[in-house]
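# An overview of the molecular structure
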Amino acid sequence: MITRDQAETLFKKYNDSVSLYHHALSVEAVMREFAKKYGEDEEYWGIVGFLHDIDWQMFPEEHCKKAPELLKEIDTPDDMIHAICSHGYGLVTDVKPERQMEKILYTVDELTGLVNATALMRPTKIEGMEVKSVKKKWKDKRFAAGVNREVIEKGSEMCGLDMNELIETTIKAMEKIADKIDLK
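No experiment lies behind these values; they were computed from the predicted model shown.

## Section: the overall build of the chain
Helix and strand counts for the chain stand at nine helices and zero strands. The order of helices and strands in the chain, counted from the N terminus, is α-α-α-α-α-α-α-α-α. Here the C-alpha radius of gyration of the chain, 15 Å, is about what a compact globule of 184 residues would show, namely 16 Å. Overall, the chain is about 40 × 35 × 30 Å in size when its C-alpha atoms are taken along their principal axes. Sequence-distant contacts in the chain: of pairs separated by 6 or more residues, those separated by 24 or more amount to 64%. Of the accessible surface of the chain, which amounts to about 8900 Å², a share of 49% is contributed by carbon and sulfur atoms.

As structure tokens, this is what we get:
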């Protein structure tokens, strides 16, 4: 198993965008929260969440295709690589999310973006944010237009999780790291 420090070093080698780093931290936090909920390995799920966009900044045209090569630099296990690549299923890759962890990653990658955008519109940012705030913004397709709501809906179905539970868990996890992602 790779360490969180190895993951951070590799991420920073290929990404210097602050917003992408904050996104990686957000997805990591949400994945850890879901791992805890399911009694799974929080470190494993967290590292997968943190590294999911490893190739996004430098290789956007090869997103989820260049990732295996970069991840092999730190001897990332094949199951982790599969999980990381599966988050682009149907968009940039045909690697299908199979395990529950992969389905959640597929879903929360987009959902964290919507939660972040919603928080930025509030005076208290993410503090005290409720599910209804996100759902209200969800309806406005011009708001956070880059967030693929269809992926979130499809992911919710794949996971077998209620949308309210997904949003609530995502908010809760991101609120815990609000100071690290400029949402405090």
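## Regarding the pattern of salt bridges
Using the criterion set out here, one finds 14 salt bridges in the structure. Of the charged contacts, one joins K12 and E8 as a salt bridge, the two residues approaching to 3.0 Å between their closest N and O atoms. Here the residue K12 and the residue E8 both occupy positions in helix α1 (residues 4–14), the gap between them amounting to four residues, near one helical turn. Here E130 makes a salt bridge to K132, at a shortest N to O gap of 3.8 Å. For E130, a relative accessible area of 44% translates into the label partly exposed. Each of R4, E8, K12, E28, R32 and E43 takes part in a single network of salt bridges with overlapping partners.

Parameters and conventions
Residues numbered from 1 in each chain as written. Predicted model: local features only at pLDDT ≥ 70, side-chain atom pairs only at ≥ 80, totals over all residues. Heavy atoms only, no water. Helix = DSSP H or I, 4+ residues; strand = E, 2+ residues; numbered from the N terminus. Rg over C-alpha atoms; globule rule 2.2 N^0.38 Å. Contact = heavy atoms within 4.5 Å. Areas by Shrake-Rupley, 256 points an atom, 1.4 Å probe, with all protein chains shown as cover. Salt bridge = Lys/Arg side-chain N within 4 Å of Asp/Glu carboxyl O. Buried < 20%, exposed > 50% of the residue type's maximum accessible area, 1.4 Å probe, protein only.

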